[in-house]
Amino acid sequence: MDLRVFTEPQQGATYDTLLRVARTAEELGYDAFFRSDHYLHMGNVDGLPGPTDAWITLAGIARETSRIRLGTLMTAGTFRLPGVLAIQVAQVDQMSGGRVELGLGSGWYEEEHKAYGIPFPKEKFGRLEEQLAIVTGLWETPVGERFSFDGTFYQLQDSPALPKPAQSRVPVLIGGHGAKRTPALAAKYATEFNIPFASVEDSERQFGRVRAAAEERGRKGDDLVYSNALVACVGRNDAEVRRRADAIGREVDELKANGLAGSPAEVVEKLGRYAAVGAQRVYLQMLDLDDLDHLELIASEVMPQAR
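Quick look at the structure, then. Since we're looking at a predicted model, the values are computed, not measured.

What about the nonpolar core?
Within the largest apolar cluster, 79 residues are counted, with the highest numbers of intra-cluster contacts made by L3, Y30 and F33. Broken down by element, this core gets its largest block of residues, eight residues, from helix α5 (residues 125–140). Not counting chain neighbours up to four residues away, the residues in contact with L3 comprise Y30, D31, A32, L271, V282, L284, I298, V302, M303 and A306. Grouped together as the second largest cluster of nonpolar side chains are eight residues, V231, C233, A245 and V252 included.

Written out as structure tokens, the structure reads:
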């Protein structure tokens with residue numbers, strides 16, 4: 001099972017902090033560094049010093065790392081026009097030497113849109129489907145040919161469909177809990193399906209829906225990678241687990257029920273339960289970005305057994 005680092009910078013993190021985490025994750029052997037795409041903090045934090053932009057951050061990190069893959073869970077479709085997003089992601093992929101992955105979602109946090117004057121449309125899912133069609137269509141258009149699109153929400157005419165990513169196909173992540181439209185969208189566009197903060201049982205059901213939707217489209221269910229995103233809170237002993245839970249304002253029992261918390265052995269056991277229902281990859285939500293020892297502990301005592 002691949003273990004990836006997943007950060008939430010809107011809760012309060014500088015670019016330098018994110019770079020330090022990404023470099024540490026690369027040195028420790030993690031598969032990827034991902035970040036959320038939000039412009040406003042959530043919950044009882046002040047979010048200082050303020051938000052960082054996901055793709056500007058990843059562009060910078062792309063030039064300061066060499067191996068680790070880079071991506072978003074999830075880029076908010078409401079933040080960027082699809083043609084612009086295709087250019088941004090292709091450029092960062094070039095800057096990284098072909099290490100970028102695009103997680104794209106519809107956007108959901110209305111307060112951040114109000115705070116920064118970003119339109120928050122009522123119909124978001126239909127826009128997301130058109131965005132995926134445009135972004136992937138632009139990348140797949142052969143050099144020298146043109147791309148046009150006439151949709152309900154977006155229209156493109158005779159686009160040169162440039163630049164191209166370094167990768168022949170940038171991995172596209174689609175995720176969520178929706179029972180019908182989300183699996184269908186993943187079956188059509190995704191290379192990976194991600195379900196965030198879900199139980200083993202809910203993950204199994206949703207993975208099954210996506211597999212069925214893929215097969216209905218003539219794809220094999222195994223064509224997609226299946227992944228979870230789960231908060232991590234690991235300690236060598238009970239006191240260390242509690243200290244880390246306190247640092248992120250969470251209760252140990254709740255974290256053990258809903259995330260990956262406890263001793264390395266407990267976390268390995270729970271990862272095994274997710275693997276048994278089809279999870280191939282887990283994004284470890286790391287909420288205390290100053291605790292690099294946490295990353296080291298997971299890398300040394302969880303990662304070897306998870307793989």
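Once you've had a look at it, read on.
Thoughts on the pairing of strand β6 (residues 147–150)
Residues F147 and F149 of β6 are buried on one face, while the alternating residues S148 and D150, pointing to the opposite face, are not. Judged from the three bridges that link them, β6 and strand β7 (residues 155–159) form a sheet pairing that is antiparallel. Across the sheet, residue F147 finds its bridge partner in β7, namely S159.

As for the packing of aromatic side chains
Overall, the coordinates contain six aromatic pairs when judged by the stated rule. Where Y39 meets F79, the ring centres are 4.5 Å apart and the plane angle is 10 degrees; that geometry is what we call stacked. Residue Y39 is found in the loop between β2 (32–35) and α2 (54–64), and its partner F79 is found in the loop between β4 (75–76) and α3 (82–96); the two are separated by 40 residues along the sequence. Taking relative accessible area as the criterion, Y39 reaches 17% and is therefore assigned buried. Through pairs of rings, three or more aromatic residues link up here, namely Y39, F79 and Y116. K124 extends its terminal NZ or CZ atom over the ring of F120, reaching a point 4.3 Å from the ring centre.

Looking at the pairing of strand β1 (residues 2–7)
One face of the sheet, then the other: side chains in a regular strand alternate in exactly this way. β1 sits mainly inside the fold: five of its six residues count as buried. Strand direction decides the pairing type here: β1 and strand β12 (residues 281–286), joined by six bridges, are parallel. Paired with D2 across the bridge in β12 is R281. Bridging between β1 and β2 involves three bridges; their strand directions are parallel.

Considering the side chain of D37
As for its position among the elements, D37 is in the loop between β2 and α2. At 2.8 Å, the side chain of D37 forms a polar contact with the backbone nitrogen of A76. A polar side-chain atom of D37 sits 2.8 Å from a polar atom in the side chain of R80. For D37, the contacting residues outside a window of four places in its chain are A54, L73, M74, T75, A76, F79 and R80.

Here's the deal with the packing of α2 against α3
Two elements in contact, α2 and α3, have axes whose closest approach is 8 Å; the angle formed by their N-to-C orientations is 15 degrees. If you check the angle between α2 and α3, you find them roughly parallel. Considering how the two elements wind past one another, α2 and α3 form a crossing that is left-handed. Each of W55, L58, A59, A62 and R63 in α2 lies in contact with α3, whose residues at this interface are L85, V89, V92, M95 and S96. When the residues that make up the contact of α2 with α3 are grouped by side-chain class, the tally is eight nonpolar, one polar and one charged.

Some points on the packing of α3 against α5
Two elements in contact, α3 and α5, have axes separated by 9 Å at closest approach and are oriented at 45 degrees. Considering their axes alone, α3 and α5 lie oblique with respect to each other. The chirality of how α3 crosses α5 is right-handed. Contact with α3, carried on its side by P82, G83, L85, A86, V89 and A90, involves Q131, I134, V135, L138 and W139 of α5 and no other residues of that element.

What about α2?
Restricting attention to buried positions, one finds in α2 the residues A54, W55, T57, L58, A59, I61 and A62. Buried-residue contacts for α2 involve α1 (15–28), β2, β3 (69–72), β4, α3 and β5 (100–105). The N-cap residue of α2 is D53: its side-chain oxygen and the backbone nitrogen of W55 are 3.1 Å apart.

Structural notes on the side chain of N228
Mapped onto the elements, N228 comes out in strand β10 (residues 225–234). The class for N228 is buried, based on a relative accessible area of 0%. Setting aside chain neighbours within four positions, we find N228 in contact with N194, I195, A198, S203, F207, Y274, A279, R281, V282 and Y283.

Procedures and definitions
Residues numbered from 1 in each chain as written. Predicted model: local features only at pLDDT ≥ 70, side-chain atom pairs only at ≥ 80, totals over all residues. Heavy atoms only, no water. Core = buried A, V, L, I, M, F, W, Y, C linked by side-chain atoms within 4.5 Å. Buried < 20%, exposed > 50% of the residue type's maximum accessible area, 1.4 Å probe, protein only. Helix = DSSP H or I, 4+ residues; strand = E, 2+ residues; numbered from the N terminus. Contact = heavy atoms within 4.5 Å. Pairing = 2+ DSSP bridges. Phe/Tyr/Trp six-rings, centres within 6.5 Å; stacked < 30°, edge-to-face > 60°. Lys NZ or Arg CZ within 6 Å of the ring centre and 35° of its normal. Polar contact = N/O pair within 3.5 Å; in protein donor to acceptor, adjacent residues only side chain to side chain. Axes fitted to C-alpha atoms, helices over the stretch in contact; angles between N-to-C directions. Parallel < 35°, antiparallel > 145°, perpendicular 65-115°, else oblique. Left-handed = near helix turned anticlockwise from the far one by under 90°. Nonpolar A, V, L, I, M, F, W, Y, C, P; charged D, E, K, R; others polar.

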